[in-house]
Amino acid sequence: MSYIEMKGISYKYPVGDGKVLKDVNLSLEKGKVYALIGANGSGKTTICNLIRGFIPHFFKGDLDGEMLIEGKDIREWEMGDLAQKMGYIFQNPFTQISGTKDTVFEEIAFGLENLRVEVPVIKERVTEIIKLFGLEPLQNKDPQQLSGGQRQRVSLASVMVMDPEILIIDEPTSQLDPQATEEVFKIINIMKQKGKTIILVEHKIELIAEYADWVILVEDGKVVMEGKTKDILSDIKTVNHGVMLPQYALLGYEMRKTGRLNEIPITESEAITV
Ligand code: ADP
């Protein structure tokens, strides 16, 4: 039994015309890092919404097919149980900080306080995460005064302190500079080492190459390709089939040819076009 499984999933939001997911079949194992890639509007966030249970619990619409978590249909899961199982990290680190806490320590403790966990236990768990993520220098700072990269690291810590099994991370570094990006990914790597199942929406190919075990390419609501990261990134044939986005395919080709990952352009504007 797969940990997370989609069988023949099609979905249409209540608003808007047409299906945004079309016969999606996916099987995700525990403890792996999955990169969801694809153009804007291809359906990546919708897949994340489905895994979180927001579809069909909050977004109604028309859902066909089977969406199973630990073998149990998403429709039968209680949202509260799903919420405990999953952590979600937003694209914009500025929206994840509560804005009500005076220090980073308190900010990270916030979720546990809401669950009315006993104070000594909260202190222990927050201290442990701060240490694990190397956030000691920030722990007494005002969360509002942090840089974007620091906020994103604190966001990750706030989610991780809840000890979720599954982490859904939607373009965590799209608004960060390269150094902050690297620091955020160091933390994602720690989460990976802790055996978390990670679903990562990410565009930066060198991050995918380094951290993802498996790549899933979504186009127009369909999974058009998936496989081991190194196989997908080096599959030049996909250019000829016109399936992959040119930058992904060409970057994969360049990577295989030169072996110089760091010199490969990574942003869309810098990418080679065909
Ligand atoms: P991606 O994450 O790959 O950019 P999305 O899953 O956000 O793609 O979007 C897939 C399609 O679903 C797009 O056409 C988008 O306009 C549409 N869509 C996304 N969210 C909603 C919504 N809440 N209501 C209606 N349509 C939506």
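Structure shown above.
Please read all numbers here as calculations on a predicted model, not as lab measurements.

Undergrad: Can you walk me through the site of the ligand in this structure?
TA: Taken together, Y13, V15, G16, V20, G38, N40, G41, S42, G43, K44, T45 and T46 make up the full set of residues adjacent to the ligand. Here the residues of the shell around the ligand are counted per class, giving 3 nonpolar, 8 polar and 1 charged.

Undergrad: Can you walk me through the sheet that holds strand β2 (residues 21–28) in this structure?
TA: Two pairing modes exist for strands in a sheet, parallel and antiparallel, and in both the strands are linked by backbone hydrogen bonds. Ordered by their spatial adjacency, 4 strands build an open sheet running β2-β1-β4-β5, and the pairing between neighbours is antiparallel. With one partner strand each, in any of the chains shown, β2 and β5 (72–73) form the two edges of the open sheet. The sheet contacts of helix α1 (residues 44–52) involve β1 (4–12), β2 and β4 (62–69), and relative to β1 the element is tilted by about 120°.

Undergrad: Looking at this structure, I do not really get the nonpolar core. What am I missing?
TA: It is characteristic of soluble globular proteins that their nonpolar side chains tend to be buried jointly. Counting residues in hydrophobic clusters, the biggest one holds 68 residues, and the most contacted among them are L36, I108, A157 and L200. Contacts of I108, omitting those with residues within four sequence positions, involve V126, I129, I130, V154, A157, S158 and V161.

Undergrad: Sorry if this is basic, but what is going on with the pairing of strand β9 (residues 214–219) here?
TA: Sheet faces and side chains relate simply in a regular strand, where the side chains alternate between the two faces. Taken together, the 4 bridges between strand β3 (residues 33–37) and β9 define a ladder with parallel strand orientation. Its bridge partner lying in β9, I37 is registered against L217. Judged from the 6 bridges that link them, β9 and strand β10 (residues 222–228) form a sheet pairing that is antiparallel. Following the sheet pairing, L217 is matched in β10 by M225. Connecting β9 to the next strand, β10, in antiparallel fashion are 2 residues, including D220 with a positive phi near 50°.

The rules we used
Residues numbered from 1 in each chain as written. Predicted model: local features only at pLDDT ≥ 70, side-chain atom pairs only at ≥ 80, totals over all residues. Near = placed C-beta within 6 Å. Nonpolar A, V, L, I, M, F, W, Y, C, P; charged D, E, K, R; others polar. Pairing = 2+ DSSP bridges. Helix = DSSP H or I, 4+ residues; strand = E, 2+ residues; numbered from the N terminus. Contact = placed C-beta atoms within 7 Å. Axes fitted to C-alpha atoms, helices over the stretch in contact; angles between N-to-C directions. Core = buried A, V, L, I, M, F, W, Y, C linked by C-beta atoms within 7 Å. Buried ≥ 20, exposed ≤ 12 C-beta atoms within 10 Å, placed from the backbone.

Read these as spatial facts, not as claims about activity.
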